[in-house]
Amino acid sequence: MHTSLRAAIVAALLTGAAAPLAAAPRTATALDDGWQARIAPSNSAAVTAHKEQTRWFPAHVPGSIQQDLIARHRVPDPFLATNEGEIQWVGRSDWQYRRTLQVTPAMLARDHLDLVFDGLDTFATVTVNGRPAIVADNAHRRWRTDIKPLLNLGANEILITFAAPIKTLQPMVLAQKASLPGEYDSAFGDEPKGRQTSPYIRKPKYNYGWDWGPRILNVGPWRPVRLEAWDEARIDTLRVDQDSLNDSEARLSAKAVLQADRETVANVRVTLTAPDGSQQHVVQQVTLAAGTNAVSVPITVANPQRWQPVGYGAQPLYRVTATLNQNGEATDTAERRIGLRSVELIRGGGAMGFRVNGIPIFAKGANVIPFDSFPARVTPASMRPLLTAARDANMNMLRIWGGGYYLDDAFYDMADEMGLMVWQDFMFGGAVTPPDAAYRENVRIEAEQQVERLGNHPSIVLWSGGNEVLSGWENWGDRKAFKKGGWRRRAGTHRRWHGGAVRSCAARCGADALARHALLAGFALDRL
């Protein structure tokens, strides 16, 4: 080969290597299969008592270790006879889940490989090939981290170690002069009376037992797991704010939060699809900085069709789709289904009510507790009969109880379609909340994630602070004794934190602007 030809080939190769590759679309790969579980080897007492569970066995994700043990007949069904006591050791033990992830050269060519858990219950440490990736402490949050730096070509191990909640928190609780008042004392001797760990953890409160259900301290990845691959930039969240609404037009703002690796120019294309299928498009060019970017795209809807509660009209729904375009290619998309309506909270004379689209609505309905002690067993098909029965019984509102968990989108989708209004509690139930900054920050992130996820459902007409939190603080005997025992200063702290901190989170990411009045006012109320 001539020297000049060789030089030309080398130059061409170098030029091609230096040229940036076009960003590929974001992809999501489900990681719900292939998991195994066992008792954590470091939990010596559990290892000695339950040797059979020290060997890896198949585990279902989403799910809980209790479900897998029941399915394998290693513990009895806790809903039969007196079997509730026979399953308590499971929630008091530490557990591990593992899975192998096969990584290809094409995967390693992507800029980011994000490991995303939609729910980890609760104290969980995730490692990838033995290196730390995530430390989780809130079952109500989504957890995301880029694990590309931790991955190798070929087989990789993802390991989750769950620490038992009571064992984790009890030394701190027992060391306190006066621990926080909680919900129900344990009937199984694992916690001293009045010394509950449940107020200190962001975990569904019904897990600790309630007057309607058993004490089962679930452990496991209780919501889906996935690997997201993306380049340069992605859409982190999308919400649609309703800025104004009248019979002639609705003015909306599609608000996207974008994550970018570096400064770049991109287009955000917003498509509004009306109930009849007609569409309108708005394209906005944006200059993204490295890090987090907030983008707002205005949309005007002529002759808007209003979403109405059941019995007051129809439930027309619109779709808003945001597409991120980089270098002429669509690389990411996010979508929200919305309904156009105004909501006001009517208060006065010790009473309250709702005005929807200018019409006072007599709210009539029921309280919704979790459909199952094991959320992974709940499907849209199992939820639909309850909503249908509520509608057929002439109910128009359902209250999502604060001692459970934020339900899946499918529940709210069905409520949107049926015209059932939803009173949505934040997940606080019957306990005094810790005042420390770390706990408040944890809940701030939880509140923002959940309101961003659910806030555009037109069925949700009110966000409330929780179940019997403030009323308990004011009236229950153990709370009065707690305040007398040198903790009076917490009265102001408790009100500011529960009625202010969470409220401000919801307001920042609230549904539509006109519903926000109801959203804000709802925090003074904690029971339907």
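Here we summarise the structure given alongside this text.

1. Looking at the sheet that holds strand β2 (residues 35-39)
Okay, step 1: Pairing within the open sheet is antiparallel, and its six strands lie in the order β3-β2-β4-β9-β6-β7. The two strands at the open ends of the sheet, each matched to only one other strand, are β3 (57-59) and β7 (131-137). Averaged over all neighbouring strand pairs, the angle between strand axes comes to 30 degrees, with direction disregarded.
Okay, step 2: Alignment of β2 against strand β4 (residues 95-103), held across four bridges, turns out to be antiparallel. By the bridge assignment for β4, R38 is matched with Q96.

2. Considering the pattern of salt bridges
Okay, step 1: Within this structure, the stated rule accounts for 34 salt bridges.
Okay, step 2: Residues R92 and D190 are paired through a salt bridge, measuring 3.3 Å at the closest nitrogen-oxygen approach. Here R92 is found in the loop between α4 (88-91) and β4, whereas its partner D190 is found in the loop between α6 (165-175) and β10 (208-210), with 98 residues between them in sequence.
Okay, step 3: With a closest N to O distance of 3.4 Å, R215 and D190 form a salt bridge. Of the two residues, R215 is situated in strand β11 (residues 213-215) and D190 in the loop between α6 and β10; the sequence distance between them amounts to 25 residues. No difference in accessibility class separates R215 from D190, as the two residues are buried.
Okay, step 4: A single network of salt bridges, built from pairs that share partners, joins R26, D114, D118, R144, R226, E228, R234, D236 and D332.

3. Topic: the layout of surface pockets
In this approach the atoms are scanned with a rolling probe the size of a water molecule, which exposes any empty space left behind.
Okay, step 1: Here the largest pocket defines a volume of roughly 990 Å³.
Okay, step 2: Lining the largest pocket are 35 residues, and of these D118, R142, R226, D409 and R453 sit closest to its centre.
Okay, step 3: Here the lining of the largest pocket gets six residues from one element, more than from any other, and that element is strand β19 (residues 329-338).

4. Remarks on the sheet that holds strand β16 (residues 279-288)
Strands pair in a sheet through their backbones, by hydrogen bonds, and they do so in one of two ways: parallel or antiparallel.
Okay, step 1: Read across the sheet, four strands follow the order β16-β15-β18-β19 without closing on themselves; strand pairing throughout is antiparallel. What marks the edges here is a single partner per strand, and that holds for β16 and β19. Between one strand axis and the next, the sheet turns by 20 degrees as a mean value, whatever way the strands run.
Okay, step 2: As paired strands, strand β15 (residues 264-273) and β16 are joined by ten bridges and run antiparallel to one another. Opposite N267, over in β16, you have Q285 as the bridge partner.

5. Some details on the pairing of strand β20 (residues 343-348)
Okay, step 1: Summarising the sheet, β20 and strand β21 (residues 351-356) pair through six bridges and their orientation is antiparallel. By the bridge assignment for β21, G348 is matched with A351.
Okay, step 2: Between the antiparallel neighbours β20 and β21 lie two residues, among them G349 with a positive phi of about 65 degrees.

6. Considering the environment of A294
Okay, step 1: Considering the arrangement of structural elements, one finds A294 in strand β17 (residues 291-302).
Okay, step 2: Along the primary structure A294 and Q259 are separated by 35 residues, whereas in three dimensions their C-alpha atoms are 9.0 Å apart.

7. Things to note about helix α7 (residues 380-392)
Okay, step 1: For α7, built from 13 residues, the straight-helix expectation of 18 Å at 1.5 Å per residue is met to within 8% by its first-to-last C-alpha distance of 18 Å.
Okay, step 2: Among the residues making up α7, those that are buried are M383, L387 and A390. Taken down its axis, α7 places every buried residue within 55 degrees of arc, on the same side. Opposite its buried face, α7 presents the exposed residues A381 and D392, each directed more than 90 degrees away.
Okay, step 3: Close packing links the buried residues of α7 with β24 (397-400) and α8 (409-418).

8. Describing the side chain of T127
Okay, step 1: Turning to its location among the elements, T127 is positioned in strand β6 (residues 123-128).
Okay, step 2: Since its relative accessible area comes to 15%, T127 is described here as buried.
Okay, step 3: With sequence-adjacent residues up to four places away left out, T127 is seen in contact with P132, A133, E157, I158 and L159.

9. Quick look at the pairing of β21
Side-chain positions along a regular strand alternate between the two faces of the sheet.
Okay, step 1: Across three bridges, the pairing between β21 and strand β22 (residues 359-361) is antiparallel. Bridge assignment links F354 to a residue of β22, and that residue is I361.
Okay, step 2: Here β21 hands over to β22 after two residues, with N357 in that stretch at a positive phi of 55 degrees.

10. Examining unusual backbone geometry
Okay, step 1: Going from V61 to P62, the amide bond is cis rather than trans, its omega being 0 degrees.
Okay, step 2: In this structure, the amide linkage connecting D121 to the following residue, T122, adopts the cis form with an omega of -5 degrees.
Okay, step 3: Note that T122 resides in the loop between β5 (112-117) and β6.
Okay, step 4: Positioned with a positive phi, N303 is a non-glycine residue whose angle comes to about 50 degrees.
Okay, step 5: Structurally, N303 is set in the loop between β17 and β18 (318-326).
Okay, step 6: Within the chain, N327 stands out as a residue other than glycine whose phi angle is a positive 55 degrees.
Okay, step 7: Relative to the helices and strands, N327 is located in the loop between β18 and β19.

11. Considerations on empty space enclosed by the protein
Okay, step 1: Following the criterion strictly, the structure yields eight cavities of 30 Å³ or more and no others.
Okay, step 2: By volume, the second largest cavity amounts to about 70 Å³.
Okay, step 3: Forming the walls of the second largest cavity are G63, S64, Q67, D121, P204, Y206, N207, N218, V219, G220, W222 and P375.
Okay, step 4: Considered class by class, the residues forming the lining of the second largest cavity number five nonpolar, six polar and one charged.

12. A look at the nonpolar core
Side chains that are nonpolar tend, in soluble globular proteins, to be buried together.
Okay, step 1: One finds I65, W95, Y97, F117, L120 and I160 to be the most contacted residues of the largest nonpolar core, which totals 42 residues.
Okay, step 2: It is β4 that provides the largest number of residues to this core, a total of four residues.
Okay, step 3: Apart from residues lying up to four places away in sequence, I65 is in contact with A37, F57, V90, W95, Y97 and V219.
Okay, step 4: Formed by 33 residues, the second largest nonpolar core is a distinct cluster that contains A139, Y206, Y406 and V443.

Parameters and conventions
- Residues numbered from 1 in each chain as written.
- Predicted model: local features only at pLDDT ≥ 70, side-chain atom pairs only at ≥ 80, totals over all residues.
- Heavy atoms only, no water.
- Pairing = 2+ DSSP bridges.
- Helix = DSSP H or I, 4+ residues; strand = E, 2+ residues; numbered from the N terminus.
- Axes fitted to C-alpha atoms, helices over the stretch in contact; angles between N-to-C directions.
- Salt bridge = Lys/Arg side-chain N within 4 Å of Asp/Glu carboxyl O.
- Buried < 20%, exposed > 50% of the residue type's maximum accessible area, 1.4 Å probe, protein only.
- 1 Å grid on protein atoms, 1.4 Å probe; cavity = no way out; pocket = protein on both sides within 12 Å on 5 of 7 lines; lining within 4 Å.
- Points joined across faces, edges and corners; volume = space filled by probe spheres on them.
- Expected span 1.5 Å × (residues − 1).
- Arc of directions from axis to C-beta.
- Contact = heavy atoms within 4.5 Å.
- Nonpolar A, V, L, I, M, F, W, Y, C, P; charged D, E, K, R; others polar.
- Core = buried A, V, L, I, M, F, W, Y, C linked by side-chain atoms within 4.5 Å.

In short, the description is geometric, and any link to function would need to be established separately.
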